[in-house]
Amino acid sequence: MRDRLPLGSAIRLENKSSIYVIVGTNISINEKRYDYLCVTYPYGWINEEKPLYINDDEVKAIVHLGDIND
């Protein structure tokens with residue numbers, strides 16, 4: 001597992017053609033943990049589209065690494 005990607009990182013996922021942007025990290029839903037909360041790039045949340053909850057191993061490629069603030 002790589003270090004957590006920062007917010008604002010644009011990524012490609014396995015089995016998906018769109019690019020997604022990370023807008024949240026370390027998410028817990030119904031006692032299940034996810035590494036990231038993502039929305040489609042460049043539109044974000046529109047209409048009734050739901051965000052994706054994913055784990056680090058689903059990230060296929062990093063398109064843009066978000067700003068890293070320590």
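The structure we're discussing is the one just above.
Everything quoted here is computed from the prediction, not taken from an experiment.

1. Examining unusual backbone geometry
The peptide bond linking Tyr41 to Pro42 adopts the cis configuration, its omega dihedral lying at 0°. With respect to the helices and strands, Pro42 occurs in the loop between β3 (32-40) and β4 (52-54). Non-glycine residue Asn26 carries a positive phi angle of around 50°. Its identity as a non-glycine residue notwithstanding, Asn30 has a phi of 45°, on the positive side. Tracing the backbone through its elements, the reader meets Asn30 in the loop between β2 (19-29) and β3.

2. A few points about the side chain of Thr40
By the secondary structure assignment, Thr40 is in strand β3. Classification of Thr40 by relative accessible area gives buried; the value is 12%. When near neighbours in sequence (up to four residues on either side) are disregarded, Thr40 contacts Ile19, Tyr20 and Glu49.

3. Focus on the environment of Ser9
The topology assignment puts Ser9 in the segment before β1 (10-13). You can call Ser9 buried: its relative accessible area is 0%. Separated by 44 residues in sequence, Ser9 and Tyr53 have C-alpha atoms that sit 15 Å apart. Every residue in contact with Ser9, bar those within four places of it in the chain, is listed here: Tyr20, Val21, Ile22, His64, Leu65 and Gly66. A polar contact is formed between the side chain of Ser9 and the backbone nitrogen of Gly66, at a distance of 2.9 Å.

4. Observations concerning the sheet that holds strand β5 (residues 59-64)
The strand order β4-β3-β2-β1-β5 describes an open sheet built from 5 strands, whose pairing is antiparallel. Both edges of this open sheet fall to β4 and β5, since each of them pairs with a single strand only. For this sheet, the mean angle separating the axes of adjacent strands, direction not counted, is 45°.

5. A few points about the pattern of salt bridges
One pass over the full model with this rule turns up 1 salt bridge. For Arg4, the salt bridge goes to Asp35, with nearest N and O atoms at 2.8 Å. Taken together, the positions of Arg4 in the segment before β1 and Asp35 in strand β3 put the pair 31 residues apart, joining distant regions of the chain. Under the relative-accessibility criterion, Arg4 is labelled partly exposed at 36%.

Calculation notes
- Residues numbered from 1 in each chain as written.
- Predicted model: local features only at pLDDT ≥ 70, side-chain atom pairs only at ≥ 80, totals over all residues.
- Heavy atoms only, no water.
- Helix = DSSP H or I, 4+ residues; strand = E, 2+ residues; numbered from the N terminus.
- Buried < 20%, exposed > 50% of the residue type's maximum accessible area, 1.4 Å probe, protein only.
- Contact = heavy atoms within 4.5 Å.
- Polar contact = N/O pair within 3.5 Å; in protein donor to acceptor, adjacent residues only side chain to side chain.
- Pairing = 2+ DSSP bridges.
- Axes fitted to C-alpha atoms, helices over the stretch in contact; angles between N-to-C directions.
- Salt bridge = Lys/Arg side-chain N within 4 Å of Asp/Glu carboxyl O.

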